[in-house]
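Topology and contacts: notes
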Amino acid sequence: MTRKRHIVIVDDEANIGRSLRLILEGEGYRVSVFDSTAAFRAERGRALADVYLLDVRLPDGSGIDLLRQVRQWDERAAAVMISGHGTVADAVEATRIGAFDFLEKPLARDRVLLVVKNALAWSDLQRENQGYREMVGEAPRMIGSAPVFQQVVQQAPDSPEERPDRRYEKGR
């Protein structure tokens, strides 16, 4: 038997939480709903998930701050921000921190399901890649000794995130 994928929702609007629970449980997901950042943090063990759906504005804190915390707990889990009145600045900040996507209220069932499906696929790839990195170990080192080669190696970024001219796209 396959493990049910866990989706955590943090949204202070009871109707949104209920609607998302019905949609996602109907598709076979295990769902936990929290109505505040405090409730979410208090249940941290139960709050670990495959995908997080986080409201940008919560009565006791910021969903963007909560996103930062989630990324510290598990950088490979996908987080999707939800907002009824989010700004472009909110979306940019959330994406910069590592949000997978940004959903606007009112939520459309098909859009929610598509984003969750894609977020799960991205999360799975992140976990799979991490497993491969652990199996392979440290990357091989370049062995060239020409001064120009050494200069190029020294100037090259170590990861896509360090490249100022490009942003790594997360499977969109």
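Residues numbered from 1 in each chain as written. Predicted model: local features only at pLDDT ≥ 70, side-chain atom pairs only at ≥ 80, totals over all residues. Heavy atoms only, no water.

Section: a nonpolar patch on the surface
A cluster of nonpolar side chains, namely Tyr 132, Met 135 and Val 136, defines an oily patch on the protein surface of about 370 Å² accessible area. Structurally, the position occupied by Tyr 132 is in helix α6 (residues 109–136). A residue is classified by how much of its surface remains accessible, and Tyr 132, at 42% relative accessible area, is partly exposed. (Patch = residues over 30% accessible without salt bridge, like charges linked within 9 Å, V, L, I, M, F, W, Y side chains within 5 Å. Areas by Shrake-Rupley, 256 points an atom, 1.4 Å probe, with all protein chains shown as cover. Salt bridge = Lys/Arg side-chain N within 4 Å of Asp/Glu carboxyl O. Helix = DSSP H or I, 4+ residues; strand = E, 2+ residues; numbered from the N terminus. Buried < 20%, exposed > 50% of the residue type's maximum accessible area, 1.4 Å probe, protein only.)

Here's the deal with the sheet that holds strand β7 (residues 101–104)
Sheets are built from strands that pair by backbone hydrogen bonding, the pairs being arranged parallel or antiparallel. Ordered in space as β2-β1-β3-β6-β7, the five strands form an open sheet in which the pairing is parallel. With one partner strand each, in any of the chains shown, β2 (30–34) and β7 form the two edges of the open sheet. The mean inter-strand angle of the sheet, taken between neighbouring strand axes irrespective of direction, is 20 degrees. As paired elements, strand β6 (residues 78–83) and β7 share four bridges and run parallel to each other. Among the inter-strand pairings, Met 81 is bridged to a residue of β7, identified as Phe 102. Contacting β1 (6–10), β2, β3 (51–55) and β6, helix α1 (residues 14–26) crosses the sheet at an angle of about 175 degrees to β2. Across the sheet, α6 lies against β1, β3, β6 and β7, angled at about 165 degrees from β7, the strand it touches most. (Pairing = 2+ DSSP bridges. Axes fitted to C-alpha atoms, helices over the stretch in contact; angles between N-to-C directions. Contact = heavy atoms within 4.5 Å.)

Observations concerning unusual backbone geometry
Cis peptide bonds are those with omega within 30 degrees of zero, and the linkage from Lys 105 to Pro 106 qualifies with 0 degrees. With respect to the element layout, Pro 106 can be found in the loop between β7 and α6.

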